[in-house]
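Here are the chains, one letter per residue:
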Amino acid sequence: DLGAQAIYSDMIPKQIQYTAAGHLHRPMTISDLPCPVVYSGSPLAYSFSEADQDKYVYITDINSGEKASVSRIKLTKGRRLLRQRFNNIDMAVSWLLEHTGDLVELTIESDTYITAIDKSRLYEVHQGIISLIPEITGTAGIESISATIDLSKNMKELFVDYFKYRHGDQLPNEELLALFTEVLAVEESE
């Protein structure tokens, strides 16, 4: 039993006609000698590290005493995982409308934070946004937000300020404030 030790293609006996390797998610042929050594990859993307990868199934025809014939077929069904980056919300919306069947990790580059209105626009046009990542490229947004945080306020007041910031100056309703107060009380009692 070799366990998780590395096995090199030159270690494969010459009598072997085909070697199916496993675990790597990206499909690849490692070697054709002494036989085809193939990682078929996963049929579906499992994380965004596999974004934009084509997925395949491999058909292997093996006859005794002959070299194995291996062909691959690209999978065209299923939802692809895509990563995309924009510095303009309108361009992001246009791209999302062209990729409605895909799952998306979207990065928005900006000098300031993404507004609640812009977030709403993005989520309204595309139901498959898995991650929305704001990337602040300048310090203007950081300076302006940190200048408005008054650390002398209590937690409830800070929550109201944050809520207003995230929701375009809209105040949280009484039910939400009561829930926040309850969570604070539980935290303080622990």
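Just so it is clear, the model here is predicted, and its values are computed rather than measured. (Residues numbered from 1 in each chain as written. Predicted model: local features only at pLDDT ≥ 70, side-chain atom pairs only at ≥ 80, totals over all residues. Heavy atoms only, no water.)

J.: I'd love a proper account of the pairing of strand β6 (residues 81-86), names of residues and values included.
T.: With 6 bridges joining them, β6 and strand β7 (residues 103-110) adopt parallel strand pairing. Pairing of glutamine 84 across the sheet is with leucine 106, part of β7. Viewed along the sheet, the connection from β6 through helix α1 (residues 89-98) into β7 turns out right-handed. (Pairing = 2+ DSSP bridges. Helix = DSSP H or I, 4+ residues; strand = E, 2+ residues; numbered from the N terminus. Right-handed = clockwise from strand over helix to strand, strands pointing away.)

J.: For the sheet that holds strand β8 (residues 129-136), give the residues involved together with the corresponding values.
T.: An order of β6-β7-β8 is seen for the 3 strands of this open sheet, with the pairing classed as parallel. In the strand order of this sheet, the two ends are held by β6 and β8, each with one partner. Strand-to-strand, the axes of this sheet are offset by a mean angle of 15°, without reference to chain direction. The pairing of β7 with β8 spans 7 bridges and is classified as parallel. Residue pairing for β8: isoleucine 108 is matched across the bridge by proline 134. Helix α2 (residues 116-125) contacts β7 and β8 of the sheet and is inclined by roughly 150° relative to β8. (Axes fitted to C-alpha atoms, helices over the stretch in contact; angles between N-to-C directions. Contact = heavy atoms within 4.5 Å.)

J.: Give me the pairing of strand β2 (residues 28-31): which residues, what numbers.
T.: Across 3 bridges, β2 lies against strand β3 (residues 37-39) in antiparallel orientation. Bridge pairing in β3 links methionine 28 to tyrosine 39.

J.: Which residues make up the packing of α1 against α2, and what values do they have?
T.: Interaxial distance between α1 and α2 falls to 9 Å at its minimum, and their mutual angle equals 10°. When the axis of α1 is compared with that of α2, the two are roughly parallel. Side by side, α1 and α2 meet where Ile89, Asp90, Ala92, Val93, Leu96 and Leu97 of the first sit next to Asp118, Arg121, Leu122 and Val125 of the second. Taken together, the residues that form the contact of α1 with α2 break down as 7 nonpolar, no polar and 3 charged. (Parallel < 35°, antiparallel > 145°, perpendicular 65-115°, else oblique. Nonpolar A, V, L, I, M, F, W, Y, C, P; charged D, E, K, R; others polar.)

J.: Please set out the side chain of aspartate 102 residue by residue, giving values where relevant.
T.: The residue aspartate 102 is located in the loop between α1 and β7 in this model. Residue class for aspartate 102 comes out buried when judged on its relative accessible area of 8%. At a separation of 3.1 Å, a polar atom in the side chain of aspartate 102 contacts the side chain of arginine 80. Discounting chain neighbours no more than four positions away, the residues touching aspartate 102 are Arg79, Arg80, Leu82, His126 and Gly128. (Buried < 20%, exposed > 50% of the residue type's maximum accessible area, 1.4 Å probe, protein only. Polar contact = N/O pair within 3.5 Å; in protein donor to acceptor, adjacent residues only side chain to side chain.)

J.: Give me the nonpolar core: which residues, what numbers.
T.: Counting residues in each nonpolar core, the largest one holds 14 residues, and the members touching the most others are Leu96, Leu106, Ile108, Leu122 and Leu132. Top element by residues in this core is α1. It accounts for 5 residues. Once you skip the residues sitting within four places of it in the chain, leucine 96 turns out to touch Val104, Leu106, Leu122, Val125, His126 and Ile129. Formed by 6 residues, the second largest nonpolar core is a distinct cluster that contains Phe159, Phe163, Leu177 and Leu184. (Core = buried A, V, L, I, M, F, W, Y, C linked by side-chain atoms within 4.5 Å.)

J.: Mind laying out α1, listing which residues take part and the relevant values?
T.: Working note: α-helix, 3.6 residues per turn, so residues spaced by three or four point in the same direction. Of all the residues in α1, the buried ones are Ile89, Ala92, Val93, Trp95 and Leu96. Down the axis of α1, the buried set is contained in an arc of 165°. They therefore lie on one face. Away from its buried face, by an angle of more than 90 degrees, α1 presents the exposed residues Leu97 and Glu98. Capping the start of α1, asparagine 88 holds a side-chain oxygen 2.8 Å from the backbone nitrogen of aspartate 90, two or three residues further along. (Arc of directions from axis to C-beta.)

J.: Break down unusual backbone geometry for me, citing the residues and quoting the values.
T.: Residue leucine 33 is joined to proline 34 through a cis peptide bond whose omega torsion reads 5°. Inspection of the secondary structure puts proline 34 in the loop between β2 and β3.

J.: Now, about the packing of aromatic side chains: what can you tell me, with residues and values included?
T.: Applying the stated criterion across every chain, the model contains 4 aromatic pairs. Consider the rings of phenylalanine 159 and phenylalanine 163, whose centres lie 6.2 Å apart with planes at 45°: the pair is tilted. Of this pair, phenylalanine 159 and phenylalanine 163 both sit in helix α4 (residues 155-166), 4 residues apart, which is roughly one turn of that helix. The same class applies to phenylalanine 159 and to phenylalanine 163, which are both buried. (Phe/Tyr/Trp six-rings, centres within 6.5 Å; stacked < 30°, edge-to-face > 60°.)

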